[in-house]
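# Coordinate analysis (summary)
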Amino acid sequence: MASIRVGLGFDSHPLVEGRALILGGVRIEHDRGLLGHSDGDTLAHALTDALLGAAALGDIGQHFPDTDPAFRDADSMELLGRAADLARGRQLRLGNADATLYADMPRLDPYRDAMIESLAACLRVEQGRLNLKFKTLEGLPLGGRAGGADVIAAHVIVALEDAV
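By convention here, each chain's residues receive numbers from 1 onward along its written sequence. Reporting of local features is limited, given that this is a predicted model, to residues whose pLDDT is at least 70; pairs of side-chain atoms are given and counted only at 80 or more, and all residues count toward the totals for whole chains, interfaces and linings. The side-chain figures draw on all heavy atoms in the structure; neither hydrogens nor water molecules are used.

### Considerations on unusual backbone geometry
At the junction of Met-105 and Pro-106, the peptide bond is cis and its omega measures out at -5° in the coordinates. In this fold, Pro-106 is placed in the loop between β5 (92-102) and α4 (112-123). The phi angle at Ala-56 is positive, at roughly 55°, despite the residue not being glycine. We count a stretch as a helix when DSSP gives it H or I for four or more residues in a row; a strand needs E for two or more, and each element gets its number in order from the N terminus. Relative to the helices and strands, Ala-56 resides in the loop between α1 (42-54) and α2 (60-63). Note on exposure labels: buried denotes an accessible area under 20% of the residue type's maximum, exposed denotes more than 50%, and partly exposed covers the range between, all computed with a 1.4 Å probe on protein chains only. Under the relative-accessibility criterion, Ala-56 is labelled partly exposed at 49%. For Gln-91, which is not a glycine, the phi torsion comes out positive at approximately 60°. By the secondary structure assignment, Gln-91 is in the loop between α3 (76-89) and β5.

This is the structure in structure tokens:
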């Protein structure tokens with residue numbers, strides 16, 4: 001009997017000037033980007049955590065610590081790909097992933113297909129295994145403003161299946 005393993009990921013970063021905004025490996029046209037040790041890709045980070053959690057492999061900080069200079073300005077999609085490889089090494093494959101991005105600005109709907117395509121390619125799965133939703137919270141702290149800074153946050157849940 002096949003087993004299903006579920007993992008949950010969350011990440012958030014403030015928007016700041018002088019950085020590119022990258023979500024799901026896609027550059028988003030905006031006047032600010034996400035602050036982070038890596039490229040700050042909130043969606044990729046939450047998905048990485050969800051994959052690692054479902055595979056019982058810890059979390060993103062254990063594998064790619066922000067105290068390690070090797071990960072400074074790292075491409076978060078590369079880190080996501082490495083996490084997927086770790087799950088495959090445990091004979092697990094992605095059943096599906098469901099993600100919600102919280103952002104008051106910018107509007108993300110026009111980038112949905114590109115993000116799904118980018119994530120599917122990175123994970124080496126069919127696009128139909130990925131779902132992406134966008135929510136605004138009307139300026140509330142999660143996805144709104146925190147400490148005077150605009151924030152983008154992501155929740156992701158994944159189901160991993162036995163690969164055999």
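### Regarding the pairing of β5
On a regular strand, each side chain points to the face opposite its neighbour's, so the side chains alternate between the two faces of the sheet. The buried fraction of β5 amounts to eight of the eleven residues, a majority that puts the element mostly inside the structure. Criterion used throughout: strands pair if DSSP finds at least two bridges between them. As paired strands, β5 and strand β6 (residues 130-135) are joined by six bridges and run parallel to one another. For Tyr-102, the partnering residue across the bridge sits in β6 and is Lys-135.

### Digging into a nonpolar patch on the surface
What makes a patch is a set of residues exposed beyond 30% relative accessible area and free of salt bridges, joined within 9 Å when like-charged and within 5 Å when nonpolar (Val, Leu, Ile, Met, Phe, Trp, Tyr). To be clear on the numbers: accessible area is Shrake-Rupley with a 1.4 Å probe, and residue cover counts the displayed protein chains and nothing else. By convention in these notes, a salt bridge is any Lys or Arg side-chain nitrogen within 4 Å of a carboxyl oxygen on Asp or Glu. A grouping of Ile-4, Val-6, Leu-8 and Ile-157 is seen on the molecular surface, where their side chains present a nonpolar patch of about 400 Å² in accessible area. Ranked by residue count, the leading element in the nonpolar patch is strand β1 (residues 4-16), at three residues. Tracing the backbone shows Ile-157 in strand β8 (residues 149-162).

### Describing the side chain of Asp-41
Assignment of secondary structure puts Asp-41 in the loop between β4 (33-34) and α1. Only four residue types enter the charge count: Lys and Arg as positive, Asp and Glu as negative, with His and the chain ends excluded. The buried charged residue Asp-41 lacks any salt bridge, with Arg-19 as its nearest oppositely charged partner at 10 Å. Within polar-contact distance, the side chain of Asp-41 engages the backbone nitrogen of Ala-44 at 3.0 Å. Once residues lying within four places of it in the same chain are set aside, the contact partners of Asp-41 are Ile-22, Leu-23, Gly-24, Gly-25, Ser-76 and Met-77. Here a polar contact is taken to be a pair of N or O atoms separated by no more than 3.5 Å, where protein atoms must pair a possible hydrogen donor with a possible acceptor and residues adjacent in sequence count only if both atoms sit in side chains. Working rule for contacts: check all heavy atoms of both residues, and any pair within 4.5 Å makes them a contact.

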